[in-house]
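Okay, here's what each chain looks like letter by letter:
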Amino acid sequence: MTQAQSAIVPDGGPYALYVMLKVTDDAALVLQQCQRLAEIAKQTQEVFGDAQMGVAVGFSPAFCRTHGLAYPEGVTDFRPRESRKHRAPHTDCDVFIHLHGLRHDLNFYVFQQWLTPIKKVVDVVDETAGFRYLDARDMTGFIDGTENPQGLARDAVAVIPDGPFAGGSVALVQRYVHDLPAWERLQQAAQEKVIGRTKPDSIELEDMPDTSHVGRVDIKENGVGLKILRQSLPYGSVSGEHGLLFLAYCQQQHPLDVMLDSMFGERDGKTDMMLSFTQAVTGAIMFMPSQTTLAQYVE
Ligand code: HEM
């Protein structure tokens, strides 16, 4: 009854589509269409073959407030960050769609089927097609996902366990654009200090700088490590923009905010060295309701 939407917990397939939308009119029609996403994915796979698709739809807290949709207390809109050198901007969007699976064409097809009936009442703010790169590496060449929770821990980290929003999740979405020429000017040992892990095999450095990426986001509170479930993928073209579509799910917003604060200098004044080589160009916090709550939104 309180099942999480299907994209949230399973290990993402090699292809994903991440879409941010702004609703310009007829929110009721858009909400009805949001109900249909899982059904469209199911029907598509019945016709074209099983692509082990996961699908999820979420809403910004501001959109929930405006349209009287229930969402958990303590979930707040994305707060932009700005340090002396780095920015994490907020993107004005209402709805977020996450599709993943074994086939890029079916992600495209499902999203197109879903969008067509509501095209006149929404603006697509950002549409990013992600793909697994090499052996699950970010375009910096480092393995991304080593410390992601596995097995049952994925559920425990990502999904609200009980209460009125059981089965829901909080998402942080940010598109990062990499400056690979600048990154590639660094020697491997210097890159490893920036990330905090070795490049070939992702082993944590013994002398990890606290301004390395892992040094910034591996955070303990009262002796307990903060955990999030990442569903990010690289995206883009060689001659155009490329980087990482960062997406993480968590049963509360707090760990996501603390990690961002730590990366962008709002915790102890120190910033993540990785941010000298990549720039966040979008940012949103979205509430991803359980399948039950999603159905209640149109009752
Ligand atoms: C770890 C890349 C943004 C949270 C890592 C690792 C890499 C990486 C290579 C090490 C391997 C691993 O454990 O996965 C990136 C890139 C980013 C990015 C390229 C953006 C361009 C973020 C953001 C957050 C975050 C925005 C959180 C708000 C984490 C966490 C870990 C991690 C929690 C695991 C740390 C640990 O406990 O060892 N990331 N990341 N990352 N990242 Fe990121």
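Structural notes, computed from the coordinates. Everything quoted here is computed from the prediction, not taken from an experiment.

Things to note about the pattern of salt bridges
All chains considered together, the criterion is met by 19 salt bridges. With a shortest N-O distance of 4.0 Å, Arg87 and Glu82 are connected by a salt bridge. Residue Arg87 is classed as partly exposed on the basis of its relative accessible area of 43%. Its salt-bridge partner being Asp126, residue Arg175 comes within 3.2 Å of it at the nearest N-O pair. A residue pair is termed long-range when its members are at least 10 positions apart, and Arg175 in strand 7 (residues 169-178) and Asp126 in strand 6 (residues 122-131) qualify at 49 residues. An identical accessibility class is assigned to Arg175 and Asp126; each is buried.

Some points on the site of the ligand
The full set close to the ligand counts 25 residues, and Gly145, Thr146, Glu147, His213 and Arg230 are the nearest of them. Glu147 is positioned such that a nitrogen or oxygen atom in its backbone is 2.9 Å from an oxygen atom of the ligand. Contact between the ligand and His213: a nitrogen atom at 2.9 Å from a side-chain N or O atom of the residue. Of all the secondary-structure elements, those providing two or more residues to the shell around the ligand are strand 7, helix 7 (213-217), strand 12 (242-250) and helix 8 (254-263). Per-element tally for the shell around the ligand: the top contributor is strand 7, with four residues. The residue makeup of the shell around the ligand, split by class, is 13 nonpolar, six polar and six charged.

Topic: the nonpolar core
One finds Phe59, Val95, Ile97, Leu99 and Trp114 to be the most contacted residues of the largest nonpolar core, which totals 35 residues. At the level of elements, strand 1 (15-23), helix 1 (27-48), strand 2 (54-59), helix 2 (61-66), strand 5 (95-101) and helix 3 (104-115) are the ones that each hand at least two residues to this core. Per element, the largest residue contribution to this core is seven residues, and it comes from helix 1. In contact with Ile97, not counting residues within four places along its chain, are Leu17, Tyr18, Val19, Leu21, Leu37, Ala56, Val57 and Trp114. Listed in part, the 32 residues of the second largest apolar core include Val75, Val170, Leu180 and Phe277.

Brief notes about the coordination of the iron atom of the ligand
There is one protein donor for the iron atom of the ligand, and it is His213 (NE2), at 2.1 Å. Inspection of the secondary structure assignment puts His213 in helix 7.

What about the pairing of strand 12?
By the criterion of burial, strand 12 is predominantly enclosed, with nine of the nine residues buried. Pairing analysis gives eight bridges linking strand 7 to strand 12, with the strands arranged antiparallel. Residue Val173 lies in a different strand from strand 12, and its bridge partner there is Leu247. Pairing analysis gives two bridges linking strand 10 (residues 229-230) to strand 12, with the strands arranged antiparallel. Bridge pairing in strand 12 links Leu229 to Tyr249. Where strand 11 (residues 233-236) lies against strand 12, four bridges are found, and the strand directions are antiparallel. Across the sheet, residue Pro234 finds its bridge partner in strand 12, namely Leu244. Following strand 11, the chain reverses through five residues before pairing antiparallel with strand 12.

Describing helix 1
The terminal C-alpha atoms of helix 1 lie 31 Å apart, and with 22 residues this matches the ideal 32 Å at 1.5 Å per residue to within 8%. At Arg36, helix 1 is bent by approximately 40°, the largest bend along its length. Buried within helix 1 we find Ala27, Val30, Leu31, Gln33, Cys34, Leu37, Ile40, Ala41, Thr44 and Gln45. Of the residues flanking the end of helix 1, it is Gly49, one or two places downstream, whose phi is positive at about 110°.

Definitions and cut-offs
Residues numbered from 1 in each chain as written. Predicted model: local features only at pLDDT ≥ 70, side-chain atom pairs only at ≥ 80, totals over all residues. Heavy atoms only, no water. Salt bridge = Lys/Arg side-chain N within 4 Å of Asp/Glu carboxyl O. Buried < 20%, exposed > 50% of the residue type's maximum accessible area, 1.4 Å probe, protein only. Helix = DSSP H or I, 4+ residues; strand = E, 2+ residues; numbered from the N terminus. Near = heavy atom within 4 Å. Polar contact = N/O pair within 3.5 Å; in protein donor to acceptor, adjacent residues only side chain to side chain. Nonpolar A, V, L, I, M, F, W, Y, C, P; charged D, E, K, R; others polar. Core = buried A, V, L, I, M, F, W, Y, C linked by side-chain atoms within 4.5 Å. Contact = heavy atoms within 4.5 Å. Donors = N, O, S within 2.8 Å, 3.2 Å for Na, K, Ca; no water. Pairing = 2+ DSSP bridges. Expected span 1.5 Å × (residues − 1). Bend = angle between axes of the 7 residues up to and from the residue.

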